[in-house]
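# Structural characterization, general
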Amino acid sequence: MPAPETQVGSTADTTADAAPDGRVVLDARDIARALTRISHEILERHKGPEGLVLLGIPTRGVHLARRIAAKISQVEGAEVPAGSLDTTMYRDDLRMKPARALLPTEIPPGGIDDRTVVLVDDVLFSGRTIRSALDAMNDIGRPRAVRLAVLVDRGHRELPIRADFVGKNLPTSLVESVSVRLAEFDGVDEVTIK
Amino acid sequence: MKKHLLSAADLTRGDALLVLRTAEELRSLADRPIKKLPALRGRTIVNLFFEDSTRTRISFEAAAKRLSADVINFSAKGSSLSKGESLKDTALTLEAMGADAVVVRHWASGAPHLLANAGWSRSSVINAGDGTHEHPTQALLDAFTMWRHLTADPGQGLDGRRVAIVGDILHSRVARSNALLLNTLGAEVTLVAPPTLLPYGVESWPVETSYDLDAVLPKSDVVMMLRVQKERMNLSGGGFFPTVREYSRRYGLDSRRMAQLQDHTIVMHPGPMNRGMEITADVADSKRSVIVEQVTNGVAVRMAVLYLLLGGNESAIGGARAEAGTEPSIPTTDGADA
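Residues numbered from 1 in each chain as written. Chains lettered and ligands numbered in written order. Predicted model: local features only at pLDDT ≥ 70, side-chain atom pairs only at ≥ 80, totals over all residues. Heavy atoms only, no water.

### A look at the pattern of salt bridges
Residues and elements named next belong to chain A. Selection rule: Salt bridges are defined as contacts in which a side-chain nitrogen from Lys or Arg sits within 4 Å of a carboxyl oxygen from Asp or Glu. Only runs of H or I of at least four residues qualify as helices and only runs of E of at least two qualify as strands under DSSP, and these elements are numbered from the N terminus. Only protein chains enter the accessibility calculation, which uses a 1.4 Å probe; a residue whose area is less than 20% of its type maximum is buried, one above 50% is exposed, and one in between is partly exposed.
Evaluation of the coordinates by the stated rule reveals 29 salt bridges over all chains. One salt bridge in this structure joins Asp-30 and Arg-33, with 3.1 Å as the shortest N-O distance. Residue Asp-30 and its partner Arg-33 are both found in helix 2 (residues 28-46); the two are separated by three residues, about one turn of the helix. For Asp-30, a relative accessible area of 26% corresponds to the partly exposed category.

Written out as structure tokens, the structure reads:
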């Protein structure tokens, strides 16, 4: 899978390349609607914002977690803590490549003990990232429950993991690649497939 | 591909920044209830110490254990080394035990280099101080401490920052490694010492030199005081300066001199300190002093080095892989899950 552009400096390129880079399956408004729906579903499922913690998986999951937190506070008028959880050292393919740069882990001040943690990621694929996130969380605390919210579920799970909140189910073949771009990081909000 | 860390000169700017950023993420581990990461599970790291050391050995041991590696401590006292075993035979023993990395401190300059390049073993070698030559992880932790205090942007190095390194430069492996690394990171280094304590060939180092501490202090962003290494001076017969009193008058940092510093300037010392000689107690314990923080940062920096050297299938730092190690290594979206 070619990873999407990771350099912040390449924002202009990404925008220009957006069209030839594959078919757009979600545009900015679709993403906003999906996140609004996910926010409401989280609130409905959890019966309010109390005891919720959102943890995004870097890089783009963190931005999604912050957006969901903002929507929830808009709706409920209560702040929901949002942080990030780096899974690099817990990955099962750590030994198969050179050691990778670590990404920020920011646990909100209240911690995660006895809270309901909603993990947020952009694309759910094999499920291996989520497994490593569950392991990483084990070393940080004991949540009361863990839920999973993703913007895109593209199928092809290799582990018994499923998402509780899904922005869009996107049936794909293994040769296709799905790219999520977010304004905070890539300068534009869109999901493309090619 | 290099898998050793023998000299601060092995690190490109990209490598050095990768170590600093990695250390920054690992530093937060100290605040968590479970101070353990799984990255080096099943790896064996040998601490091979031919020379006394407290903080460096403990720091490496803590770093390796926090990354879940198995640690074997091997010091010259109480081992076959004191019975005259050669470095080669020791290396072959370690190889036979399956060490993935050897952290070596030796009184002879160049010993880690020999261990790494003589073909005796396949382990990674990390120089934890060799004679009066180099101590690269000390330089990294010093640079990390400066970077945390003086640089707001994690993409930046130490460009344009002025660092004064003061004292016994001649016997200091810390000074040499720092001069090399700080130059790589863009800082301007001035070595301040009496002429007798500047090393032969210092004019070829990427630094300025001065004999006048009072002239250098007001311009400096960092003042690093070095220990006067009496044990090495005694070996060569002494005579480097007339009296301790005269030395500390001219090259010691006291509160009068500290008052000349800019508000943001930090005071560092790699330890162990001779209080009252190169640094007075009130300066060492003042708010400007980051000496205790250096020790804390040492664990994070050594974790970063061990992780980057041993965490993957090959080293992420050192030489050709430098640029590739920083950018594309950030896993993202579906690419990471593939």
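And the narrative resumes.
### Brief notes about the sheet that holds strand 7 (residues 178-181) of chain A
Residues and elements named next belong to chain A. For the record, the criterion: One bridge is not enough; two strands pair if DSSP finds at least two bridges between them. Lines are fitted to the C-alpha atoms to define the axes, a helix being fitted only along its stretch in contact, and any angle between axes, read from their N-to-C directions, falls within 0 to 180 degrees. Two residues qualify as a contact provided that any one of their heavy atoms is within 4.5 Å of a heavy atom in the partner residue.
An order of 1-8-7 is seen for the three strands of this open sheet, with the pairing classed as antiparallel. Strands at the two margins of the open sheet, each flanked by one partner only, are strand 1 (23-26) and strand 7. In this sheet, neighbouring strand axes are inclined to one another by 30° on average, regardless of whether the strands run parallel or antiparallel. In terms of strand pairing, strand 7 meets strand 8 (residues 190-193) through four bridges, oriented antiparallel. Among the inter-strand pairings, Val-178 is bridged to a residue of strand 8, identified as Ile-193. This element, helix 2, spans strand 1 and strand 8 of the sheet and lies at about 25° to strand 1.

### Some words on the domain arrangement of chain B
Residue and element names in this part refer to chain B. The test is simple: For the domain bounds, the source is a domain assignment made automatically or taken from a database. As used here, buried area is the combined drop in accessible area, with a 1.4 Å probe, of two parts when they are placed together. Whenever two N or O atoms come within 3.5 Å, that pair is a polar contact, provided that in protein one can donate a hydrogen and the other can accept it, and provided that, for residues adjacent in sequence, both atoms are side-chain atoms. Put simply, Ala, Val, Leu, Ile, Met, Phe, Trp, Tyr, Cys and Pro go in the nonpolar bin, Asp, Glu, Lys and Arg in the charged bin, and everything else, Gly too, in the polar bin.
Taken domain by domain, chain B comprises domain 1 (8-135 + 294-337) and domain 2 (136-290). Spacing between the C-alpha centres of domain 1 and domain 2 amounts to 25 Å. If you look at the interface, domain 1 gives 33 residues, while domain 2 gives 36 residues. Summed over both partners, the interface of domain 1 with domain 2 buries about 3,000 Å², with 58% contributed by carbon and sulfur atoms. Viewed at the interface, domain 2 and domain 1 are joined by four salt bridges. Across the pair Arg-232 and Glu-51 runs a salt bridge, and its minimum N-O distance is 3.5 Å. The interface formed by domain 1 and domain 2 holds 16 residue pairs in polar contact (both at pLDDT 80 or more) in total. Breaking the side of domain 1 that touches domain 2 down by element, the ones donating at least two residues are helix 1 (13-27), helix 2 (55-66), strand 3 (101-106), strand 4 (124-130) and helix 12 (291-310). Among the elements that make up the side of domain 1 that touches domain 2, the one with the highest residue count is helix 1 (nine residues). Broken down by class, the residue content of the side of domain 1 that touches domain 2 amounts to twelve nonpolar, eleven polar and ten charged.

### A word on the environment of Thr36(A)
The topology assignment puts Thr36(A) in helix 2. Sequence spacing of Thr36(A) and Lys71(A) is 35 residues, and the spatial spacing of their C-alpha atoms is 6.6 Å.

### What about the sheet that holds strand 2 (residues 52-56) of chain A?
Residues and elements named next belong to chain A. Read from one edge to the other, the open sheet built from five strands follows the order 3-2-4-5-6, with strand pairing classed as parallel. Looking at strand neighbours, the two that pair on one side only are strand 3 (82-84) and strand 6 (165-169), the edges of this open sheet. Along the sheet, successive strands turn relative to each other by an average axial angle of 25°, direction set aside. One ladder, built from five bridges, connects strand 2 with strand 4 (residues 116-124); its direction is parallel. From the neighbouring strand, Leu-54 faces strand 4, where its bridge partner is Val-118. Relative to the sheet, helix 2 contacts strand 2, strand 4, strand 5 (145-153) and strand 6, its axis offset from that of strand 6 by approximately 150°.

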